[in-house]
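The primary structure of each chain is shown beneath.
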Amino acid sequence: MEWNAKWIKPSWETESKAPLFAKCFQTGKPVQSAILRMTGMGVYEAAINGTRISKDVLAPGWTSYHKRLQVQTYNVTDMIGDKNELTVLLGCGWYRSHLMCWNDGNIQTELVKKPAGITAELTLTYADGTEEIVCTDESWTVSESQVRFSELYDGEVVDATFVPQEITSAVCFDGPTETLIPQEGEPIREQERICAVRMITTPKGERVIDFGQELTGFLEVKLSAKKGEVVDISFAEVLDKDGNFYTENYRGAKCLYRYTCRDGQQTHKTKLTFYGFRYIRINQFPGGTENADISCFTGIAVHSQMKRTGHIHTSDSTLNQLVSNIIWGQKSNFVDVPTDCPQRDERFGWTGDAQVFARTACLNYDAERFFAKWLNDLAADQREAGYVGSVIPDVLTSVNEHGTASSAWGDAAVIVPWEVYRAYGDVGLLRRQFPSMRKWVDYIGTITATPDLWTGCWHYADWLGLDAPSGSYKGSSREDFIASAFYANSTALLIKAGKALGEDMTAYEHLHKRIVAAFRKAYPEYLTQTECILAVHFHLAEDLQKTADQLAHMVREAGVQLKTGFVGTPYILHVLSDYGHTDLAYELLLRREYPSWLYPISKGATTIWEHWDGIMQDGGFWSADMNSFNHYAYGSVADWMYGVAAGIQVCEDAPGYGKIRIHPHPTDKLDWFEASIETRHGLVSSKWSKTMAGAWRYEIVTPVQTDIQLNGKTCTVPAGSYIFHQE
Ligand code: BGC
């Protein structure tokens, strides 16, 4: 985009301190409009005459900075007076924080060395028709600020008594201009205020506050203090077996919160970093930790602005809690980028996790704009040869010692755009992503050791599958099997996408046929639950029914237990219910014992866990080094609840719910079940309940022509509300 303003930075090394930039200007005549456009290398908070210019936080968000940096536009007309001061506070944010890397020499290592820079242009249009532009240049000043330290993983240290010794002129430097793009994603905002629910004194004697809900965001403290007194807080997701505060699973993320008070009544909240937490420990508080009270603290949930579109309610309160956990998993991990987790030293846009959860995400919320921006980063970071990194923004690229991309992770390049298109029907998004989708499928053909399969490469496999050999994170399903199955699936989706765009897909149709044939020859039998699931769900098995029956048998033999990880779990219930094992699917969904979706709730979970056994049955932890309690991936089960239990399905020939199919699957295990989705065409809802006489009653509301399938029969109805009964 066209950009005229200069980049400015402080003349001194900021390290992890947040500099405060300032510019005073006068108007002298009536202002008709004032438009501020700006961005920074870090995350900024801008104010005019002491008032924040917008509700946005953590701007400019996270993109593949070396290729794309978003510029925000604010209408600040109402804030301009005669004499004005524009100030900008800049923290390290995603740009300049030390993010976890597994090796030296990656992109982030370069980014952290960049200066704390901002660039801004304020266009003042006067009532007399004249225009004036206030740009960042050496007339701006910079000082140190009260934010003495701020990093993404390591938290924030603020000293309200700090007064800068020196105010110096800003220095202009050659910052990026060719990478500037207008804001694409949803803005990040404070969304909900969460009150603390109880104060605990742990067996170790520590004062701990429970917010009753795991969340991602800020912490606000309100108190009366004397100048120089300190509030020092630590964060945790869970308490350990003995009820003590547990932080080991944050690994290298320090998550500091240290606030030095000024005199009197005051409120402080962090703003240039975020935390993932349910509990806080009061390490230090004015007058002693016993002085801290739950009313002093408020948790503030922060995430990308997205409209809630999907709701599920059922007669089972534990299942309702699961739905709540899934929603909170999404809120917590949709802070500009779809992340694995919001707390430990990762918080990356893991592609595998995103593709697993994309369908559910687009049902729960209107996530179109959110994903559209991330997909642009994916395409930007995709290498010429088609390689797609494990995380987007791909800050880890140069540390992937395996050289090739992982199946099910890189496949996000095809699956995510397809899911977003399926949910919202915008062919424009598909068109934009199509070259990247195609490049991905072509890429597999160039790296495989066996033509028409995907063999001989390194993969994350059925990550965290419960059938993993001891000491491994990878479930025991064969890696080449999974990779080849995803090769087939991505090719099949690419063909659908191409056809929707009017492309000639003949060559890919031939390729798909060859993959299926090669797959059947190479894998005549299926050794694990996940292998059965993929063979059926991706339509690879010669006998789909027999393979689904084999899966049902394996699940029953295991004592109605799933053994699946990231790859098999999203589809297991679909495969069962698609081939006549709906009862078993419900048994898995409603199972309360370990391993199951509801087991974590018996251990107090308020978000989805990374591991089925994050907290084991004896109360101990699965591990200290990789144990997040806020990982949305397994929350992908919600798409089965919307699409099969309530039975609301989008017709693929009319994406975006232009035409709907409703095929509810009631179960005696529940009294009633209701789901609704606010689609682009209006609200669709489906509820089933058992009447006193023991019959099923169905209440359906649909905004478009709909095929309703009940009792093995299908009827087509126009938009409207309907009630059916079935013995
Ligand atoms: C992340 C995952 C991710 C994985 C890659 C983990 O550390 O938290 O969710 O997909 O690595 O296998």
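Residues numbered from 1 in each chain as written. Predicted model: local features only at pLDDT ≥ 70, side-chain atom pairs only at ≥ 80, totals over all residues. Heavy atoms only, no water.

A word on the site of the ligand. The full set of residues close to the ligand is Asp340, Arg344, Glu346, Trp350, Asp353, Trp409, Tyr460, Trp463, Phe566, Glu610, Met626 and His631. Contacts to the ligand include Trp463, whose side-chain N or O atom sits 3.5 Å from an oxygen atom. Between an oxygen atom of the ligand and a side-chain N or O atom of His631, the distance comes to 2.9 Å. Considering the ligand on its own, with 310 Å² of exposed area, one finds that the protein chains cover 97% of that surface. (Near = heavy atom within 4 Å. Polar contact = N/O pair within 3.5 Å; in protein donor to acceptor, adjacent residues only side chain to side chain. Areas by Shrake-Rupley, 256 points an atom, 1.4 Å probe, with all protein chains shown as cover.)

This brings us to the packing of helix 5 (residues 368-381) against helix 7 (residues 427-447). At a minimum axis separation of 10 Å, helix 5 and helix 7 run at an interaxial angle of 20°. Taken together, helix 5 and helix 7 sit at an angle that is classed as roughly parallel. The chirality of how helix 5 crosses helix 7 is left-handed. Residue-level contacts link Ala372, Leu375, Asn376, Leu378 and Ala379 of helix 5 to Leu429, Arg432, Gln433 and Ser436 of helix 7. Among the residues forming the contact of helix 5 with helix 7, the class breakdown is five nonpolar, three polar and one charged. (Axes fitted to C-alpha atoms, helices over the stretch in contact; angles between N-to-C directions. Helix = DSSP H or I, 4+ residues; strand = E, 2+ residues; numbered from the N terminus. Parallel < 35°, antiparallel > 145°, perpendicular 65-115°, else oblique. Left-handed = near helix turned anticlockwise from the far one by under 90°. Contact = heavy atoms within 4.5 Å. Nonpolar A, V, L, I, M, F, W, Y, C, P; charged D, E, K, R; others polar.)

Further remarks concern the sheet that holds strand 29 (residues 648-650). Strand pairing in a sheet is mediated by backbone hydrogen bonds. Such pairs are either parallel or antiparallel. Pairing within the open sheet is mixed, and its four strands lie in the order 29-30-34-35. At either end of the open sheet lies a strand with only one pairing partner, and these are strand 29 and strand 35 (713-717). Sheet twist, expressed as the mean angle between neighbouring strand axes with direction ignored, is 25°. Sheet analysis places strand 30 (residues 660-662) next to strand 34 (residues 706-710), joined by three bridges and oriented parallel. The residue of strand 34 that forms the bridge with Arg661 is Asp707. (Pairing = 2+ DSSP bridges.)

Burial of helix 10 (residues 529-537) is extensive: eight of the nine residues sit out of reach of the surface. Of the residues making up helix 10, those classed as buried are Gln529, Thr530, Glu531, Cys532, Ile533, Leu534, Ala535 and Val536. Taken together, the buried residues of helix 10 touch helix 8 (479-500), helix 11 (544-557) and helix 12 (569-578). Looking one or two residues beyond helix 10, the residue adopting positive phi is His539, at roughly 55°. (Buried < 20%, exposed > 50% of the residue type's maximum accessible area, 1.4 Å probe, protein only.)

What follows covers the environment of Lys439. Counting through the fold element by element, Lys439 comes out in helix 7. Residues Lys439 and Lys603 lie 164 residues apart in sequence; the distance between their C-alpha atoms is 44 Å. Setting aside its immediate chain neighbours within four residues, Lys439 contacts Gln382, Arg383, Glu384, Ala385 and Gly386.

Positionally, His581 belongs in the loop between helix 12 and helix 13 (582-590). Look past the residues within four positions of His581 in its chain and what remains in contact with it is Gln545, Ala548, Asp549, Ala552 and Leu576.

Take the pattern of salt bridges next. A full pass over the atoms with the stated rule returns 44 salt bridges. Of the charged contacts, one joins Lys271 and Glu45 as a salt bridge, the two residues approaching to 3.3 Å between their closest N and O atoms. Here Lys271 is found in the loop between strand 23 (264-269) and strand 24 (275-284), whereas its partner Glu45 is found in strand 4 (residues 43-48), with 226 residues between them in sequence. For Lys271, a relative accessible area of 28% gives the class partly exposed. Here Glu45 falls in the buried class, since its relative accessible area comes to 18%. (Salt bridge = Lys/Arg side-chain N within 4 Å of Asp/Glu carboxyl O.)

Further remarks concern the sheet that holds strand 32 (residues 682-690). If you trace the five strands from one edge of the open sheet to the other, you get 26-31-32-33-36, paired in antiparallel fashion. A strand with exactly one partner marks an edge of an open sheet, and here the two such strands are strand 26 (310-314) and strand 36 (720-726). Shown here is a sheet whose adjacent strand axes are inclined to one another by a mean of 5°, direction ignored. One ladder, built from six bridges, connects strand 32 with strand 33 (residues 696-702); its direction is antiparallel. When the sheet's bridge partners are listed, Ser689 is paired in strand 33 with Arg697.

The subject of this paragraph is the nonpolar core. Counting 216 residues, the largest nonpolar core has Phe297, Leu322, Phe371 and Met641 as its most contacted members. Here the element with the most residues in this core is helix 8; it accounts for eleven residues. If we ignore the near neighbours within four places in the chain, the residues touching Leu322 are Leu589, Trp597, Leu598, Ile601, Ile608, Val637 and Met641. Counting residues in each nonpolar core, the second largest holds 27 residues, with Ile8, Ile80, Val88 and Val134 among its members. (Core = buried A, V, L, I, M, F, W, Y, C linked by side-chain atoms within 4.5 Å.)

Turning our attention to the side chain of Thr136. Secondary-structure assignment places Thr136 in the loop between strand 9 (131-135) and strand 10 (141-144). Classification of Thr136 by relative accessible area gives buried; the value is 1%. In terms of polar contacts, Thr136 uses its side chain to reach the backbone carbonyl oxygen of Lys6, at 2.6 Å. Here Ala120 takes part through its backbone nitrogen, which lies 3.0 Å from a polar atom of the side chain of Thr136. Excluding anything up to four places from it in sequence, Thr136 contacts Ala5, Lys6, Ile8, Ile118, Thr119 and Ala120.

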